[in-house]
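Spelled out from the first residue to the last, the chains are:
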Amino acid sequence: MIIPRHHPPEAMLLDYADGSLSEPAALTLATHLALCPECRQRVAELEAIGGALLEESVPEPVSVDCLAAILARLDDPEPRQMVAFEPLPAEVIALPQPLRSYVGMPLAGLDWKSVSPVIAEFDLQICTPPAKTGLIRLAAGCSLPRHGHGDSEVTLVLEGGYRDQFGHFQRGDLVVHDSLVEHAPLADPDGDCIFLCVLDAPIRLTSVLGRFLSPLLRH
Amino acid sequence: MLDAGSTATAGARSLNDLVVAVARGRDRVAFAALFGHFAPRLKSFLMRLGADSGSAEELVQEVMLMVWRRAETFDPGQANASTWVFTIARNKRIDALRRERRPEIDLDDPALVPEPPLAADRSIEVTEDANRLRGAIESLAPEQAEMLQLAYYEDKPHSRICAERGIPLGTVKSRLRLALEHLRKVLKDDQ
Ligand SMILES: [Zn+2]
């Protein structure tokens, strides 16, 4: 079992714990949490701070009928019940919650859109363009064209691994890049690399070859 | 701002016990006691986050209804009642204001990488932690406390808070880091 070595920055954990992180970034972060006991512990601590601040809030009187209104609703049927999990085939289990509920089937069976002979993508369609959240599959031993980003790029490796000037990234590793970073991730030779990627703007391809792949992460 | 309801004083049931009573016996008296403690605090918390009195109370109702419905999912070994209620309120806000889903882990998920087994029972620790944590927050340096408050009382990522207030991102990050280091140290030292 791989324990992640690249963790979200503290500020991102805090944004997640206090509820201000946007859904796509929160999806990436929560999926990291499923794979990283250490960051789960950190988020639990940050939530405890939220609990302590709630506890210390100066009580603001509620209207007299507020309690009665709630008591009258306690027996209301719940609008929607939680769905119980069915046993899943092993290949689906490779996708932890919450990502599994967004993607919904084995990675191999997804409707991958081919971007180049070695790159495929699957758009999760949870962002307002030009932002984008998707899975990227990079063939073993192949590289993404050299590119830069808008304000931020968040990636989370799900399968295989890749290398760039910042290190080697494997399952569960989460990394945030800002607009100053340019890189060309190279997939490990022993298998395809699949990662979840959240972009706030289309990537900027910075190599000549890359411009031929312009459909990648564009709209 | 401690009062009899927030600590396990003699004769009074602790908040944790009240949630457990709701979970086990659908205990309406216990629920009313939880309401008495949390509703005014939730309202205050939500108003600091920008809600007006009316919409804060609507949200308080939704949160307290979830407390009633989800009481079985409360695990005193994982978090104390205040933390648990905080997470419910946070998620309800995201739901109500941003119309977004809140992606969360599922502790029963077979794909979850499990925690290394814990040596001791966490439940006593969690309760003591909560009391120490409140003391530690009060002992923070003012500029660190301010950053912490901004983070929890503004519905914005820290990066946008900085941009709007003209505070350099690096300053905010280092103040937050110092604040969190201080709080973690307090929790660790007393174990
Ligand atoms: Zn981590």
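This report concerns the structure included in the present document. (Residues numbered from 1 in each chain as written. Chains lettered and ligands numbered in written order. Predicted model: local features only at pLDDT ≥ 70, side-chain atom pairs only at ≥ 80, totals over all residues. Heavy atoms only, no water.)

What about the overall build of chain B?
Heads up, the condition is: To qualify as a helix, a DSSP run of H or I must reach at least 4 residues; to qualify as a strand, a run of E must reach at least 2; elements of each kind are numbered from the N terminus. Burial classes: relative accessible area under 20% of the type maximum marks a residue as buried, over 50% as exposed, and values in between as partly exposed (1.4 Å probe, protein chains only). By definition, residues are in contact when any of their heavy atoms lie within 4.5 Å.
Looking only at helices and strands, chain B features eight helices and zero strands. Along its sequence from the N terminus, chain B presents helices and strands in the succession α-α-α-α-α-α-α-α. Split into buried and exposed, the 191 residues of chain B put 48% on the buried side. Relative to all contacts within chain B whose residues are 6 or more apart in sequence, the contacts with residues 24 or more apart total 61%.

A short note on unusual backbone geometry
Each neighbour pair has its own omega, and for A:Gln97 with A:Pro98 the value is 5°, a cis peptide bond. With respect to the element layout, A:Pro98 can be found in the loop between helix H5 (90-93) and helix H6 (99-103). At B:Arg26, a residue that is not glycine, the phi angle is positive and equals roughly 45°. Inspection of the secondary structure puts B:Arg26 in the loop between helix H1 (15-25) and helix H2 (28-48). Under the relative-accessibility criterion, B:Arg26 is labelled partly exposed at 32%.

Structural notes on the side chain of A:His149
Residues and elements named next belong to chain A. To be explicit about the condition: We define a polar contact as two N or O atoms separated by no more than 3.5 Å, with the added condition that, inside protein, one atom must be a possible hydrogen donor and the other a possible acceptor, whereas residues neighbouring each other in sequence contribute only through side-chain atom pairs.
Tracing the backbone through its elements, the reader meets His-149 in the loop between strand E4 (147-148) and strand E5 (152-159). You can call His-149 buried: its relative accessible area is 1%. Engagement of the side chain of His-149 in a polar contact is seen with the side chain of His-183, the distance being 3.4 Å. With residues near it in sequence (within four places) discarded, His-149 still touches His-177, Asp-178, Ser-179, Val-181, His-183, Leu-199, Ile-203 and Arg-204.

Here we look at the sheet that holds strand E3 (residues 132-138) of chain A
All names here are of chain A. The following threshold applies: When DSSP finds at least two bridges between two strands, those strands are taken to pair. Lines are fitted to the C-alpha atoms to define the axes, a helix being fitted only along its stretch in contact, and any angle between axes, read from their N-to-C directions, falls within 0 to 180 degrees.
Read across the open sheet, the six strands follow the order E1-E2-E3-E11-E5-E8; overall the sheet is antiparallel. In the strand order of this sheet, the two ends are held by strand E1 (113-116) and strand E8 (174-178), each with one partner. Within this sheet the neighbouring strands show an average axis-to-axis angle of 30°, counted without direction. The pairing of E5 with strand E11 (residues 193-199) spans six bridges and is antiparallel. Note that in E11 the partner of Thr-155 across the bridge is Cys-197.

A look at the pattern of salt bridges
Side-chain pairs of opposite charge can arise where the charged atoms are in close proximity. We apply this condition: Salt bridge, as used here, is a side-chain nitrogen of Lys or Arg placed within 4 Å of a carboxyl oxygen of Asp or Glu.
Tallying each qualifying case throughout the model produces 19 salt bridges over all chains. Of the charged contacts, one joins B:Glu115 and A:Arg40 as a salt bridge, the two residues approaching to 3.2 Å between their closest N and O atoms. Taken together, the residues B:Glu115 in the loop between helix H4 (81-98) and helix H5 (122-138) and A:Arg40 in helix H3 (residues 37-56) connect one chain to another. The partly exposed category is assigned to B:Glu115, whose relative accessible area is 39%. Taking the shortest distance from any N to any O, the salt bridge between B:Glu104 and B:Arg90 comes out at 3.3 Å. In this pair, B:Glu104 sits in the loop between H4 and H5 while B:Arg90 sits in helix H4, placing the two residues 14 residues apart along the sequence.

A short note on the packing of helix H3 (residues 53-69) of chain B against H4(B)
All names here are of chain B. Going by this rule: Orientation is classified from the angle alone, with under 35 degrees giving roughly parallel, over 145 giving roughly antiparallel, 65 to 115 giving roughly perpendicular, and any other angle giving oblique. We call a crossing left-handed when the near helix sits turned anticlockwise from the far one by less than a right angle, and right-handed when that turn is clockwise.
Contact pair H3 / H4: the axes reach a minimum separation of 9 Å and the direction vectors enclose 130°. Looking at the two axes, H3 sits oblique to H4. Note that H3 runs across H4; the crossing there is right-handed. In contact with Leu-59, Glu-62, Val-63, Met-66 and Val-67 of H3, H4 contributes Trp-84, Val-85, Ile-88, Ala-89, Lys-92, Arg-93 and Ala-96.

Digging into the packing of aromatic side chains
Residue and element names in this part refer to chain B. Rules: When two rings of Phe, Tyr or Trp (its six-membered ring) have centres within 6.5 Å they constitute a pair, described as stacked for plane angles under 30 degrees, edge-to-face for angles over 60, and tilted for the intermediate range.
Applying the stated rule across the entire model yields seven aromatic pairs over all chains. Aromatic pair Phe-45 and Phe-86: ring centres 6.0 Å apart, planes at 85°, arrangement edge-to-face. Within this pair, whereas Phe-45 is found in helix H2, its partner Phe-86 is found in helix H4, the two being separated by 41 residues in sequence. On the basis of relative accessible area, Phe-86 is assigned to the buried category, the value being 3%.

Concerning the pairing of strand E2 (residues 119-123) of chain A
Residue and element names in this part refer to chain A. Among the five residues that make up E2, four are buried, leaving the element largely enclosed by the rest of the structure. Bridge analysis of E1 against E2 gives three bridges, and the strand direction is antiparallel. Along E2, the bridge assignment pairs Ser-116 with Ile-119. Sheet topology note: the E2/E3 ladder contains five bridges and is antiparallel. Looking at the pairing, Phe-122 lines up with Leu-135 of E3.

Brief notes about the nonpolar core
This is how the line gets drawn: We call a set of buried residues a nonpolar core when its members are Ala, Val, Leu, Ile, Met, Phe, Trp, Tyr or Cys and they connect through side-chain atoms within 4.5 Å of each other.
Among the nonpolar cores identified, the biggest contains 95 residues, and A:Ile49, A:Leu135 and B:Met64 are the most heavily contacted of them. Grouped together as the second largest cluster of nonpolar side chains are 16 residues, A:Val115, A:Ile119, A:Val175 and A:Cys197 included.

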